[in-house]
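Notes for the structure review
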Amino acid sequence: MNNMEQYDGEDYMPQEDDWDRDLLLDPAWEKQQRKTFTAWCNSHLRKAGTQIENIEEDFRDGLKLMLLLEVISGERLPKPERGKMRVHKISNVNKALDFIAGKGVKLVSIGAEEIVDGNAKMTLGMIWTIILRFAIQDISVEETSAKEGLLLWCQRKTAPYKNVNIQNFHISWKDGLGFCALIHRHRPELIDYGKLRKDDPMTNLNTAFDVAEKYLDIPKMLDAEDIISTLRPDEKAVMTYVSCYYHAFSGKQKAETAANRICKVLAVNQENEQLMEDYEKLASDLLEWIRRTIPWLENRLPENTMQAMQQKLEDFRDYRRLHKPPKVQEKCQLEINFNTLQTKLRLSNRPAFMPSEGKMVSDINNAWGNLEGAEKGYEEWLLNEIRRLERLDHLAEKFRQKAAIHEAWTEGKEEMLQKHDYETASLSEIKALLKKHEAFESDLAAHQDRVEQIAAIAQELNELDYYDSPSVNARCQRICDQWDTLGALTQKRSEALQRTEKLLETIDQLYLEFAKRAAPFNNWMEGAMEDLQDTFIVHTIEEIQGLSTAHEQFKATLPEADKERQAILGIHNEIAKIVQTYHVNMAGTNPYTTINPQEINAKWDKVRQLVPQRDQALIEEHARQQNNERLRRQFANQANVIGPWIQTKMEEIGRISIEMHGTLEDQLTHLRQYEKSIVNYKPKIDQLEGDHQLIQEALIFDNKHTNYTMEHIRVGWEQLLTTIARTINEIENQILTRDAKGISQEQLNEYRASFNHFDRKRSGIMDAEDFKTCLISIGYNLGENEFSRIMSIVDPNRMGMVTFQAFIDFMSRETADTDTADQVMASFKVLAGDKNYILADELRRELPPDQAEYCIARMAPYTGPDGVPGALDYMSFSTALYGESDL
């Protein structure tokens, strides 16, 4: 019976490997096949609690044959006949043969009658057909299958071993090294391959057969003596035995693959968790620094002295120069880390990272904005407070000077006005007293302006919250009270003198004239000395020029004043001449005034002495204002260049990020060149900071030569650094997305063109309506629910806007080849041996220690009805890895 079983061209084995009846005539081969096939059948029948002893006898009734097919196929066959008659046995065998034929196997010349009759050759042929179909056909290695696939698998696994050359399934296995190599390749701890010798096939074969039976659950299907003694071992027996090796080790390979997949997923998860922890810590530290700094900047408690306020200004400069710049870098790095983390999460198919409450990038930006608002207000307050203290110091000194002059003038005036000397005076003396009193009234009226000035200065000091206002108010009140008293006393004395005026008719006109002219001239000199010694504060060169002009005008009046002085002195000389000529009995003093020529000359000399001192003070102040003007122009010249340069760079970076010139790498290179040129510009910013510090030290508060302040330049510079860093990070993330998702440059250009077309504001961001219009234009049929779902993907933070990065992720995510929760769940099921739960020992055996413990710590206990103590739920854990439920 040639070709006991045959297949179509694609079925199982090539034609030359079909069953050949003539080969069964060799007793040695028949013996090998009988032993091998019997052992193979028993390896499956024992799963059903039975076995066979004689292969041709035990299958005659068809019952164990049907049982064998049910075990190896996992399917139910028709119910067998339980009768003992021949017809019942033939019926059972036919059911088995029909089942085999139903699996696509064409059986030729094998009939149920021959099996029932115990035909050994036909029975062995039928078993070989079953082995081919259920043990060898499904083997597939590198596009080869069945026998060729099994042979290629053996060659691949034994290639690294010396003295092993597998070319067939007969003589290549006689020395036993092939079997030992297969075992050592997969389980090196079971065999010491280095001690095996090619010239000792008996030891090699028995070692392989014993180890396979003891540790791999592969029964002994061959005898070492039969293989060694046979010139050409039976190919089918060897194939049957080797296929058991393949099936034993293929399960191990699947477990390794599953473990590797789990390790990969867990490694990504652990890395992302570390990035999240790093972001949380950096955000917390930055927010804590802002929280501590804002109250300091919001403190508006003024100091009483200029020195204390200058120290506050110096502390603020240290904050600007030393403390804030590192925090600007931390804020920029925080945004970069957040964007990188979100990109990695999207690429690994993980849900977007949501920071803790109050630690979003927008929260940090809001806090930073509050910090800068407080900072700006604090600087303005410092400058205003310094101006206020400067004004206060000037007013306080002016108040003290005027008060001292007035108090010196009023000294003794009350006692003088309260005298009753007119009661015993002669007529001439009464006349003198009356004229003297008239002169005093003139002097009193002249001092009215000074008293009003003192009160006005005190009022202004109160309005500006001068710290020593109580003492100023007290002194001012004493002066005002005394002034009222002087007015009342003056009025009273005037009335008394007028009552006695009718009794007094003689008066020395010369004394009277001297007194009348000397008093205002004396008052003029005192006013001149006061003005010449008055301190001045100016902030512009125009103000100092105005003071200089006024001073020159004052000097022009000195000749006329000198003439008046000489005229007054001439009156005194005339008095002296009359006294000497007419021997007038005089008391030696002018009865109408206390002013004497010596006092006039002394004050005049003092005025002449103060004039050049005033000239020198004005010259020095003029030089200082010229230097301030130079500092203003120096700062303005630089600021008027740096300000437009920063604006230009911001616009150029915006165009680079929107336009599509070259590849992403070209754009990244271009941006880094811009970044380098920007960093190289930093010395000019530092130089401008130095000029600004000189201006502040000179207490210059305005600059008409430029509209740019240092605050404008600082804010613009910080925004420029942040914008270039953020733009570079966006391009780097686009490169990551492109490489990870396999997006071509042409696709990326198309995405950019579509995005730019609908980015109507050219801001690099589409709002929700523009994004919806874009989706409709490329073929999406959107309902409200579908669009809401898509927006939750591209805008997880619900900002109402879509960035270009999110747009790329959405357009490419549908075709991305990423791990899924189902794939991870299937991998865990392989490790668990098809159970719905997994044990901690299984995880520790299959996974690296750290990742095994990671899983054990996070897996919930399994609660299914088929669970055992210590069972873990790997299904909910796999789902939680992808954000689909909570751990």
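Residues numbered from 1 in each chain as written. Predicted model: local features only at pLDDT ≥ 70, side-chain atom pairs only at ≥ 80, totals over all residues. Heavy atoms only, no water.

Looking now at the overall build of the chain. Counting secondary structure elements, the chain contains 32 helices and eight strands. Across the 887 residues of the chain, 46% fall into the buried class. Look at the contacts in the chain between residues 6 or more apart in sequence, and 74% of them connect residues 24 or more apart. Of the roughly 44,900 Å² that the chain leaves accessible, carbon and sulfur atoms contribute 50%. (Helix = DSSP H or I, 4+ residues; strand = E, 2+ residues; numbered from the N terminus. Buried < 20%, exposed > 50% of the residue type's maximum accessible area, 1.4 Å probe, protein only. Contact = heavy atoms within 4.5 Å. Areas by Shrake-Rupley, 256 points an atom, 1.4 Å probe, with all protein chains shown as cover.)

Time to look at unusual backbone geometry. The backbone of Asp217 sits at a positive phi, close to 60 degrees, despite the residue not being glycine. Looking at Asp217, the relative accessible area reads 55%, which means it is exposed. One non-glycine residue with positive phi stands out, namely Asp834, at about 70 degrees. Note that Asp834 resides in the loop between helix 29 (821–831) and helix 30 (840–846). Judged by its relative accessible area of 60%, Asp834 is exposed.

The next point concerns a nonpolar patch on the surface. A cluster of nonpolar side chains, Ile765, Met799 and Met801, forms an exposed patch at the surface whose accessible area comes to about 250 Å². Mapped onto the fold, Met799 is located in the loop between helix 27 (784–794) and strand 6 (801–803). A residue is classified by how much of its surface remains accessible, and Met799, at 47% relative accessible area, is partly exposed. (Patch = residues over 30% accessible without salt bridge, like charges linked within 9 Å, V, L, I, M, F, W, Y side chains within 5 Å. Salt bridge = Lys/Arg side-chain N within 4 Å of Asp/Glu carboxyl O.)

Within the structure shown, the criterion is met by 51 salt bridges. Lys147 is the salt-bridge partner of Glu235, the closest N and O atoms lying 3.1 Å from each other. One end of the pair, Glu235, is in helix 11 (residues 235–298); the other, Lys147, is in helix 7 (residues 146–158), with 88 residues separating them in the sequence. The same class applies to Glu235 as to Lys147, namely buried. Of the charged contacts, one joins Arg565 and Asp562 as a salt bridge, the two residues approaching to 2.8 Å between their closest N and O atoms. Taken together, the positions of Arg565 and Asp562, both in helix 20 (residues 558–582) and three residues apart, correspond to about one turn of that helix. Put simply, Glu629, Arg632, Arg633 and Asp702 are held in one network by salt bridges that share partners.

Across the chain, the average pLDDT comes to 81, with 88% of residues at or above 70. Long-range and interchain partners of residues 1–25, a stretch whose pLDDT sits below 50, account for 76 contacts in this model, where long-range means more than four residues apart. Within the model, pLDDT remains below 50 along residues 503–507, and this stretch shows 16 contacts once partners closer than five positions in the same chain are excluded. (pLDDT = per-residue confidence, 0-100.)

Our next topic: the environment of Ile290. Among the structural elements, Ile290 can be located in helix 11. Judged by its relative accessible area of 2%, Ile290 falls in the buried class. Spatially, the C-alpha atom of Ile290 lies 7.0 Å from that of Ala367, the residues being 77 residues apart in sequence. With residues up to four places along the chain from it excluded, the contact list for Ile290 reads Ala367, Trp368 and Leu371.

Quick look at the nonpolar core now. In this structure, Trp40, Ile130, Phe179 and Tyr245 are the most contacted members of the largest nonpolar core, which totals 79 residues. Residue contributions to this core peak at eleven residues, all from helix 6 (residues 120–136). When sequence neighbours within four positions are dropped, the list of residues in contact with Ile130 reads Trp40, Leu65, Leu69, Ile72, Ile100 and Ala135. Core analysis: the next-biggest nonpolar cluster, separate from the first, contains 47 residues, Ile656, Ile700, Ile790 and Phe807 among them. (Core = buried A, V, L, I, M, F, W, Y, C linked by side-chain atoms within 4.5 Å.)

Right, let's get into the packing of aromatic side chains. Each pair of aromatic rings is reported with the distance of its centres and the angle of its planes. By the definition in use, this model includes 24 aromatic pairs. Between Tyr245 and Phe249 the ring centres are 6.3 Å apart and the planes differ by 70 degrees, which places this aromatic pair in the edge-to-face class. Taken together, the positions of Tyr245 and Phe249, both in helix 11 and four residues apart, correspond to about one turn of that helix. Tyr245 gets classed as buried once you look at its relative accessible area, which sits at 0%. Accessibility expressed as a relative area gives 4% for Phe249, which makes it buried. Over the aromatic face of Phe134 sits the side chain of Arg133, whose NZ or CZ is 5.1 Å from the ring centroid. (Phe/Tyr/Trp six-rings, centres within 6.5 Å; stacked < 30°, edge-to-face > 60°. Lys NZ or Arg CZ within 6 Å of the ring centre and 35° of its normal.)

Between its first and last C-alpha, helix 4 (residues 86–102) extends 24 Å over 17 residues, near the 24 Å set by a 1.5 Å rise per residue. The secondary structure elements touched by the buried residues of helix 4 are helix 3 (63–73), strand 2 (106–107), helix 5 (112–116) and helix 6. Looking one or two residues beyond helix 4, the residue adopting positive phi is Gly104, at roughly 90 degrees. (Expected span 1.5 Å × (residues − 1).)

A few words now on the packing of helix 7 against helix 8 (residues 177–186). Remark: helix 7 packs on helix 8, axes separated minimally by 9 Å, with the N-to-C direction vectors making an angle of 70 degrees. Overall, the two elements helix 7 and helix 8 adopt an arrangement that is roughly perpendicular. Both helix 7 and helix 8 take part in a crossing whose hand is left-handed. Where helix 7 approaches helix 8, its residues Trp153, Cys154, Arg156, Lys157 and Thr158 are matched on the opposing element by Gly178, Ala181, Leu182, Arg185 and His186. (Axes fitted to C-alpha atoms, helices over the stretch in contact; angles between N-to-C directions. Parallel < 35°, antiparallel > 145°, perpendicular 65-115°, else oblique. Left-handed = near helix turned anticlockwise from the far one by under 90°.)

Position of Glu70 relative to the elements: it lies in helix 3. By relative accessible area, Glu70 is classed as buried at 17%. A polar contact is formed between the side chain of Glu70 and the backbone nitrogen of Leu77, at a distance of 3.0 Å. Ignoring anything within four residues of it in the chain, the contact list for Glu70 reads Glu75, Arg76 and Leu77. (Polar contact = N/O pair within 3.5 Å; in protein donor to acceptor, adjacent residues only side chain to side chain.)

Turning next to helix 23 (residues 682–697). Its 16 residues give helix 23 an end-to-end C-alpha distance of 23 Å, which sits within 8% of 22 Å, the value for a rise of 1.5 Å per residue. Note on helix 23: the residue one or two positions beyond its end, Leu699, has a positive phi of about 60 degrees.

We now examine the environment of Gly373. Along the chain, Gly373 turns up in helix 13 (residues 361–410). Accessibility expressed as a relative area gives 44% for Gly373, which makes it partly exposed. Spatially, the C-alpha atoms of Gly373 and Leu297 are 9.4 Å apart, while their sequence positions differ by 76 residues.

Structurally, the position occupied by Glu769 is in helix 26 (residues 768–777). Taking C-alpha positions, Glu769 is 9.3 Å from Gly800, a pair spaced 31 residues apart along the chain.

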